[in-house]
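Chain residues, written in single-letter form:
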Amino acid sequence: MLQGHQTWVFNSMPVIRASAAVGGPFEAEGALHDDFDRLNADIWMGQDSFEKAEKKLLEQACDLAIQQAAMKKADVQFFIGGDLMDQIISSSFAARTLGVPYLGIYGACSSSMEGLALASLLIESGFAQNVLTATSSHNGAAEKQYRYPTEYGSQKPPTAQWTVTGAGAAILGREGTGPHVVAATIGKVVDMGLSDPLNMGGAMAPAAVDTIEAHFRDLQRSPSYYDLIVTGDLGRVGHGIATDLLTQHGIKFSANQFNDCGLMIYQKEQPVFAGGSGCACSATVTYGHLLKRMKKGELHRILVVATGALLSPLSYQQKESIPGVAHAVAIEM
Amino acid sequence: MPSQKKKKLTTAQQQYQKLAKAKEPKRPFLLNMIRAFIAGGIICTIGQAIQWLFITYGKFSEENAGNPTVAVLIMISVLLTGFGIFDHLAQWSGAGTAVPITGFANSMASAAIEHRSEGFVLGVGAKMFKLAGSVIVYGVFSAFVIVLIKILIKALGGI
């Protein structure tokens, strides 16, 4: 049901029946390594290219989620997937392996929550019983496509972010036990005219602020409703800006109530500049860490605001600014 | 940002950019320059030592010892790139590793390694000059312009 301008409220309360997060060696050294379902020692995943490795990661996450739900591939009616690669090849190729009816989406790093929101919509509408949604990113593949060769010696500024190597998957169903998806706010594209691809947090922060405000306005809620509100991958720079803007607009958080997946996933000593980024950043932190904490009873109500920078290597070479988008999904235990 | 571009921005965008600018950690220019000076200096000292070795033990003259010296530096740079060390050194030293011939060698080797997965023709061969190409194009063009100026000055009776 639509409430307000842009928020869906799911009265059927779709259940996240199972979820899985997988990562690479760098994530294994990170702060949340205990909450990954599988950590791979090899960044190549035994493949001969980064792109193939990313597809493997996505397949691994999907397989683990299906296993944990004690289901078979045939029990999943639809697969909604998205990633950062040109023509979303990781998702489409993983869908080829899965052999499940597939909807490919692109919301850059916001794909994780875009997928979860759409999957919830399919369950709510009664058009599906079980839906799989997953996203992935790979540090090497993303660097290769968006920036320079991985071994190229360029000096990154402190605003740069580190793309997470990993994948996250969740299975939503009408029935079962687990956390429920209760609402989703679909964000609009916000562009404040920033054009530095090495400061994506700054470019995406206004979109996150816009979606968070819309969520509270549509549902007439205040931040105190949630135990935790996390943005996807704003990093230190973007998250700082978002906190300031929200405070200016009268939205205040208690201590540690507002965080960012990109700031949670790695250790302080790891050389990730302003923090983690990529589709897998919000996906692995949500589907691994946060859902596990909810099941342990540490968190009851969370709002995940996945943020995406909708640029392409071509658009920034043509001096276009970076549009941002953010989608928020409220999950309750 | 050029003022022409700024004019197109709305007030909200301008206000936001001001806030974002204030929140953005500054690039450590001075530190980067000092590091570049140290790293670049060390690379050039190594180059000088290699050149001295070629002259002293290799029957090279001061004029033609340059070529084998550059070749050795390129080989070192390519090996460091292949072993995955170069990018870490470069994050510390910035322009220090990028400006000498080592940076040029790294840009070609890294692109060749990266695009090996697309095959030898469309990958390695075509993408190798992805970064180095513009250095070659504008390097050759600037040399051409400089030579024209030199010829002109000479023709006008200058040195």
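Residues numbered from 1 in each chain as written. Chains lettered and ligands numbered in written order. Predicted model: local features only at pLDDT ≥ 70, side-chain atom pairs only at ≥ 80, totals over all residues. Heavy atoms only, no water.

**Regarding the overall build of chain B**
Inclusion rule: Comment: elements are numbered from the N terminus, with helices defined as DSSP H or I runs of at least four residues and strands as E runs of at least two. A radius of gyration in this sense is built from C-alpha atoms; the matching globule rule multiplies 2.2 Å by the number of residues raised to 0.38. Every accessible area reported is derived by Shrake-Rupley at a probe size of 1.4 Å, with residue values counting cover from the shown protein chains alone. When charges are counted, neither His nor the chain ends are considered; positive counts come from Lys and Arg and negative counts from Asp and Glu. Where a charge lies is defined by one atom per residue type: Lys uses NZ, Arg uses CZ, Asp uses CG and Glu uses CD.
Along the backbone of chain B there are 9 helices and 0 strands. Along chain B, helices (α) and strands (β) appear in the sequence α-α-α-α-α-α-α-α-α when read from the amino end. Here the C-alpha radius of gyration of chain B, 22 Å, is well above what a compact globule of 159 residues would show, namely 15 Å. Across its three principal directions, the C-alpha atoms of chain B cover 70 × 55 × 40 Å. When the accessible surface of chain B is summed, it comes to about 10,900 Å², and 73% of that surface belongs to carbon and sulfur atoms. Of the charged side chains in chain B, 16 are positive and 6 negative; the average position of the first set lies 15 Å away from that of the second.

**Things to note about the domain arrangement of chain A**
As a measure of interface size, the accessible area lost when the parts come together is often cited. Residue and element names in this part refer to chain A. Heads up, the condition is: An automatic or database domain assignment is the source of the domain bounds shown. When checking whether two residues touch, look at their non-hydrogen atoms; a contact exists if any pair is within 4.5 Å. Accessible area that two parts lose when put together, evaluated with a 1.4 Å probe and summed over both, is termed the buried area.
Under the domain assignment used here, chain A contains domain 1 (2-173) and domain 2 (180-332). Relative placement of domain 1 and domain 2: their C-alpha centres are 17 Å apart. Each partner contributes residues to the interface: domain 1 has 62 residues there, and domain 2 has 63 residues. Across the domain 1 to domain 2 interface the summed buried area is about 5,100 Å²; carbon plus sulfur atoms make up 62%.

**Some words on the packing of helix α7 (residues 235-248) of chain A against helix α2 (residues 11-23) of chain B**
Where we set the bar: Under this scheme, a helix contributes an axis fitted over its contacting stretch, all axes are lines through C-alpha atoms, and angles between N-to-C directions fall in the 0 to 180 degree range. Any angle from 65 to 115 degrees is called roughly perpendicular, while one under 35 is roughly parallel, one over 145 is roughly antiparallel, and all others are oblique. When the near helix sits turned anticlockwise from the far one by under a right angle, the crossing is termed left-handed; a clockwise turn instead gives a right-handed crossing. In this count, Pro and Cys sit with the nonpolar residues alongside Ala, Val, Leu, Ile, Met, Phe, Trp and Tyr, while Asp, Glu, Lys and Arg are called charged and the others, Gly among them, polar.
It is at 10 Å that the axes of α7(A) and α2(B) come closest, and there the two elements cross at 130°. The orientation of α7(A) with respect to α2(B), classified from their angle, is oblique. Relative to α2(B), α7(A) is oriented so that their crossing is right-handed. Counted together, A:Val237, A:Gly240, A:Ile241, A:Asp244, A:Leu245 and A:Gln248 of α7(A) and B:Tyr16, B:Leu19, B:Ala20 and B:Lys23 of α2(B) form the full contact between these two elements. The class makeup of the residues in the contact of α7(A) with α2(B) is 6 nonpolar, 2 polar and 2 charged.

**Describing the interface of chain B and chain A**
Operational definition: Within this document, salt bridges are pairs made up of a side-chain nitrogen of Lys or Arg and a carboxyl oxygen of Asp or Glu, the two lying within 4 Å of each other. Residues adjacent in sequence count toward polar contacts only when both atoms are side-chain atoms; beyond that, a polar contact is any pair of N or O atoms within 3.5 Å, and within protein one must be able to donate a hydrogen and the other to accept it.
Taken together, the contact between chain B and chain A spans 35 residues of the former and 35 residues of the latter. Summed over both sides, the interface of chain B with chain A buries roughly 2,700 Å², with 57% coming from carbon and sulfur. The largest contributions to the chain B side of the interface with chain A come from B:Tyr16, B:Gln91 and B:Glu114, which together make up 25% of the buried area. Here chain B and chain A share 3 salt bridges between them. Of the charged contacts, one joins A:Lys144 and B:Glu118 as a salt bridge, the two residues approaching to 2.9 Å between their closest N and O atoms. On the surface where chain B and chain A come into contact, there are 15 residue pairs in polar contact (both at pLDDT 80 or more). Looking at the side of chain B that touches chain A, the elements that each hand over two or more residues are α2, α5 (86-93), α7 (101-114) and α9 (129-155) of chain B. Of the residues forming the side of chain B that touches chain A, the biggest block, 7 residues, is contributed by α2(B).

**Notes on the confidence of the model for chain B**
Residues and elements named next belong to chain B. Our working rule: Per residue, pLDDT measures the predictor's confidence, with a range of 0 to 100.
With 96% of its residues at a pLDDT of at least 70, chain B reaches an overall mean of 92. Confidence, read as mean pLDDT per element, is least for helix α1 (residues 3-7) in chain B (53) and greatest for helix α4 (residues 66-82) (96). For this predicted complex, the interface score ipTM comes out at 0.87, while the overall pTM is 0.93.

**Some words on the packing of aromatic side chains**
Using the following cut-off: We call Phe, Tyr and Trp rings a pair once their centres come within 6.5 Å, taking the six-membered ring for Trp, and we label the pair stacked below 30 degrees between planes, edge-to-face above 60, and tilted otherwise. Burial classes: relative accessible area under 20% of the type maximum marks a residue as buried, over 50% as exposed, and values in between as partly exposed (1.4 Å probe, protein chains only).
Enumeration according to the criterion identifies 11 aromatic pairs over all chains in this entry. An angle of 80° between the planes, with centres 5.1 Å apart, marks the rings of A:Tyr225 and A:Tyr226 as edge-to-face. Between B:Phe54 and B:Phe60, the aromatic rings sit 5.4 Å apart at their centres with planes inclined by 80°, giving edge-to-face as the arrangement. The exposure class of B:Phe54 is partly exposed, given its relative accessible area of 21%. Given the relative accessible area of 30%, B:Phe60 is considered partly exposed. Grouping aromatic residues by their ring pairs yields a cluster made of A:Phe26, A:Trp162 and A:Tyr266.

**A look at unusual backbone geometry**
Residues and elements named next belong to chain A. A positive phi angle, close to 55°, is found at Met45, a residue other than glycine. Phi is positive for Gln220, which is not a glycine, with a value near 50°. Looking at where Gln220 falls in the secondary structure, it is placed in the loop between α6 (200-219) and β11 (228-231).

**Considerations on α7(A)**
Put simply, the rule reads: By this rule, a helix spans an expected 1.5 Å times one less than how many residues it contains.
Between its terminal C-alpha atoms α7(A) stretches 20 Å, which fits the 20 Å expected from 14 residues at 1.5 Å a residue. Listed in full, the buried residues belonging to α7(A) are A:Gly235, A:Val237, A:Gly238, A:His239, A:Gly240, A:Ile241, A:Ala242, A:Leu245 and A:Leu246. Where α7(A) is buried, its residues contact α6, β11, β12 (258-260) and α8 (261-264) of chain A together with α2 of chain B. Once α7(A) ends, the next one or two residues include A:Gly250, with phi positive near 85°.

**Thoughts on a nonpolar patch on the surface**
Residue and element names in this part refer to chain B. For clarity, the threshold we go by: Like-charged residues within 9 Å of one another, or nonpolar side chains (Val, Leu, Ile, Met, Phe, Trp, Tyr) within 5 Å, are grouped into patches, provided each residue has over 30% relative accessible area and no salt bridge.
There is a patch of nonpolar side chains on the surface, built from Phe29, Leu30, Met33, Ile34, Phe37, Ile38, Ile42, Ile46 and Trp92 and spanning about 990 Å² of accessible area. Counting residues per element, the nonpolar patch draws most heavily on helix α3 (residues 29-57), which supplies 8 residues. Mapped onto the elements of the fold, Met33 is located in helix α3.

**Focus on the nonpolar core**
Put simply, the test is: Take the buried residues of types Ala, Val, Leu, Ile, Met, Phe, Trp, Tyr and Cys, join any two whose side-chain atoms come within 4.5 Å, and each joined set is a nonpolar core.
Counting residues in each nonpolar core, the largest one holds 44 residues, and the members touching the most others are A:Ile229, A:Ile241, A:Leu246, A:Phe258, A:Leu303, A:Val305 and B:Tyr16. For this core, the secondary-structure elements that each account for two or more residues are β10 (180-185), α6, α7, β14 (301-309) and β15 (324-332) of chain A together with α2 of chain B. Tallying contributions element by element places α6(A) first for this core, with 10 residues.

**Description of α2(B)**
Our working definition: Think of the arc as the fan of directions from the helix axis to the C-beta atoms.
Taking 1.5 Å as the rise per residue, α2(B) with 13 residues should run 18 Å; its terminal C-alpha atoms sit 19 Å apart, in good agreement. Along α2(B), the residues classified as buried are B:Gln13, B:Tyr16, B:Gln17, B:Leu19 and B:Ala20. Along the axis of α2(B), the buried positions cluster into a sector of 165°, meaning they face one direction only. For α2(B), exposure combined with an orientation more than 90 degrees from the buried face picks out B:Thr11, B:Gln15, B:Lys18, B:Lys21 and B:Ala22. Summarising the contacts, the buried residues of α2(B) are in contact with α6 and α7 of chain A.

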